[in-house]
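Coordinate inspection notes
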Amino acid sequence: MKTIQIALAGLGNVGSGVFKHLTRNRALFESRTGCSPLITRIAVRTPAKERSISLNGIEPVADWRSLMTDPLPDLFIELMGGTSEALKFTRAVLERGCPLITGNKALLAEHGAELFELSATRGAPLYFEAAAAGGIPIIKTVREALVGNHILSMHAIINGTSNYILTRMASEGLDFAEALADAQHYGYAESDPTLDINGWDAAHKAIILASLAYGFWIDHKQVYVEGIDRVTQSDICYADLLGYTIKLLAIIKATPGTDIEVRVHPALITKSHVLSSVKGVFNAVAIHGDVVGDTLFYGRGAGADATASAVLGDIADAAATLRCAKPAPAFRPHDLYGRCRPIDEIVSQFYLRLAVEDQPGVLAKIAEILGRLDIGILSVIQPEIRDEGAATLVLLLHDAPRKKMQEAASVLADLPCVKAPPHVLWVEHPSDT
Ligand code: NDP
Ligand code: HSE
């Protein structure tokens, strides 16, 4: 049996999970793959830190360069996070023609084009199943299982931390900070949780999935991103009254030969849609392919164990390639799809919450402005709760280009009867593909 010597950079939540489960399931892994993977070198930031797992005598080093001394290990794993040292490490490994596994979605989203090019020119396989949707094998699905499909749409809950926070806010009325602290405690959040909250962690994953689906590396500047930080407890309650749940959604859509859409933002989805029942740290990706139709992938989207499972799958793929096969390119570009559609051109339903003067004629004035901009009203509620003379109006609006919706919000904001900046959220109907 061939032993695969592995160098691991990063022994935090995910790195420790990989070490633990590789040790625990070694016999199973060996019998299924015919290879024996062995972590022999580890780099961390602080070698003296006490670890929760036994390292079988391995002394971690502080500098990842020490992992690269001759004879080189067979396989490298990057689980440090960040885009600075991780980029240097990744480049160094690929430049030496060595196989690399990473779970670093930020790194791939920002530097994917360069790294895949390097991987192809140096013949160095690059594996990244852990970089999207934690334990759900969604990279393999998009790249391999659905390869015969045009992907017409993906609607994905791919940030476990945001979903966990929104779920606990909705089900227990927990405040935002408390729910975030719990997500950090369970190892779901990034070391800088800003990326989870502001939508960028989900956007990094959306960039990877959309790039694989559409064959060109998507520039992060062309992706519209909004996080859950503007979602309030009252939005959650009003959405509930209207029959909707609020989720942070990554939305990816295309028709062959036309522009694609890639956006991440909170959206109202009907409670009857399967994605609205995805709770806590769970992720789900609903993919509509032109051949397969509707598919749904569900599982834990973050945490040491789920993510370690994805890394173990990559180790098995790397082992198979090391044993015999010529590596398949990690990313194969093509030009069957166009550019990323600007966000202002995207047409959607919207939710509009307004704090207005409790006076006759106010609703008529608002309806008149919306009508003038050709935005129809789907439903409206005005709960009998008044806040210091202001009433709340919650409207669901028919399809409109986002630019028109922005224009409406800005005209409404200038009305004397509107007491606070209008609050707009997207409404998405994932099955309407
Ligand atoms: P952690 O912050 O828990 O762990 C990071 C590890 O990297 C630590 O062991 C740290 O050392 C080490 N490290 C950091 N910088 C350096 C450096 N310059 N040189 C050597 N070692 C370094 O992160 P996670 O385990 O949560 O995440 C790791 C990666 O996996 C990230 O890219 C993340 O986005 C991704 N990921 C995380 C998921 C999760 O659920 N947490 C899920 C999917 C992907 P020390 O221990 O000494 O501080
Ligand atoms: N912070 C990420 C999340 C980890 O919450 O989804 C998994 O990629």
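This write-up is about the structure you can find in this document. (Residues numbered from 1 in each chain as written. Chains lettered and ligands numbered in written order. Predicted model: local features only at pLDDT ≥ 70, side-chain atom pairs only at ≥ 80, totals over all residues. Heavy atoms only, no water.)

What to know about the nonpolar core
Operational definition: The term nonpolar core refers to a set of buried residues drawn from Ala, Val, Leu, Ile, Met, Phe, Trp, Tyr and Cys, joined through side-chain atoms within 4.5 Å. Relative accessibility thresholds used throughout: buried, under 20% of the residue-type maximum; exposed, over 50%; partly exposed, between the two (1.4 Å probe, protein chains only). The contact criterion used is simple: two residues touch if any of their non-hydrogen atoms lie within 4.5 Å.
Counting residues in each nonpolar core, the largest one holds 85 residues, and the members touching the most others are I138 and Y214. Leave out the neighbours within four places in its chain, and Y214 touches I151, L152, I252, K253, A254, I260, H334 and Y337. Counting 35 residues, the second largest nonpolar core, distinct from the first, contains I157, Y224, I251 and I346.

Some points on the side chain of D196
The condition that has to hold: Helix and strand definitions here come from DSSP, where helices need a minimum of 4 consecutive H or I residues and strands a minimum of 2 consecutive E residues; each element is numbered from the N-terminal end. Residues scored as positive are Lys and Arg, those scored as negative are Asp and Glu, and His as well as the terminal groups of each chain are ignored. Definition used for salt bridges: Asp or Glu carboxyl oxygen within 4 Å of a side-chain nitrogen of Lys or Arg. Polar contacts, as used here, are pairs of N or O atoms within 3.5 Å; protein pairs need one atom able to donate a hydrogen and one able to accept it. Residues neighboring in sequence count only if both atoms are side-chain atoms.
By the element assignment, D196 lies in helix α8 (residues 194–197). Despite its burial, D196 pairs with no opposite charge; the closest candidate is K205, at 5.9 Å N-O. Side-chain polar atoms of D196 contact the side chain of N159, separated by 2.7 Å.

Description of the packing of aromatic side chains
Selection criterion: Between rings of Phe, Tyr and Trp, where Trp is taken as its six-membered ring, a pair exists when centres lie within 6.5 Å; planes separated by under 30 degrees are stacked, by over 60 edge-to-face, and by other angles tilted.
With the rule as written, the count across this model stands at 13 aromatic pairs. When the ring of W64 is compared with that of F89, the centres are 5.5 Å apart and the planes differ by 70°; the resulting orientation is edge-to-face. You can see W64 sitting in the loop between β2 (35–43) and β3 (75–78) and its partner F89 sitting in helix α3 (residues 85–95), a full 25 residues away along the chain. Judged by relative accessible area, which is 0%, F89 ranks as buried.

Considerations on the pairing of strand β12 (residues 347–357)
What counts here: By definition, two strands form a pair when at least two bridges between them are found by DSSP.
Burial runs high along β12: 8 of the 11 residues are buried. The sheet contact formed by β12 and strand β15 (residues 390–401) spans 10 bridges and is antiparallel. Bridge pairing in β15 links Y351 to L396. Bridging between β12 and strand β16 (residues 423–427) involves 5 bridges; their strand directions are antiparallel. Within β16, the position partnered with F350 by the bridge is W426.

Considerations on the site of ligand 1
Heads up, the rule is: Think of it this way: one heavy atom of a residue within 4 Å of a molecule or strand is enough to make that residue near it. For this classification, the nonpolar set comprises Ala, Val, Leu, Ile, Met, Phe, Trp, Tyr, Cys and Pro, the charged set comprises Asp, Glu, Lys and Arg, and every other residue, Gly included, is treated as polar. Where a domain begins and ends is set by an automatic assignment or by a domain database.
Around ligand 1, a shell composed of 25 residues is seen, among which T46, K49, R51, E190 and G303 lie nearest. Considered class by class, the residues forming the shell around ligand 1 number 8 nonpolar, 11 polar and 6 charged. Counting only domains with at least three residues in the shell around ligand 1, you end up with domain 1 (2–132 + 305–324) and domain 2 (138–301).

Describing the pattern of salt bridges
A complete count under the given rule lists 24 salt bridges for this structure. The shortest N-O distance in the salt bridge between D70 and R96 comes to 3.2 Å. Note that D70 is positioned in the loop between β2 and β3 and R96 in the loop between α3 and β4 (100–102), a separation of 26 residues in sequence. Note that D201 is salt-bridged to K205, the shortest N-O span being 2.6 Å. Within this pair, D201 and its partner K205 are both found in helix α9 (residues 200–214), separated by 4 residues, close to a single helical turn. Comparing D201 with K205, the two get one shared label, buried.

Describing a nonpolar patch on the surface
Under the convention used in this document: Candidate patch residues must exceed 30% relative accessible area and have no salt bridge, after which like charges are joined if within 9 Å and Val, Leu, Ile, Met, Phe, Trp or Tyr side chains if within 5 Å. Working definition of accessibility: Shrake-Rupley area with a 1.4 Å probe, residue cover restricted to the visible protein chains.
A surface patch of nonpolar side chains, amounting to about 210 Å² of accessible area, comprises L363, I377 and V380. Tracing the backbone through its elements, the reader meets L363 in helix α12 (residues 362–372). Here L363 falls in the partly exposed class, since its relative accessible area comes to 39%.

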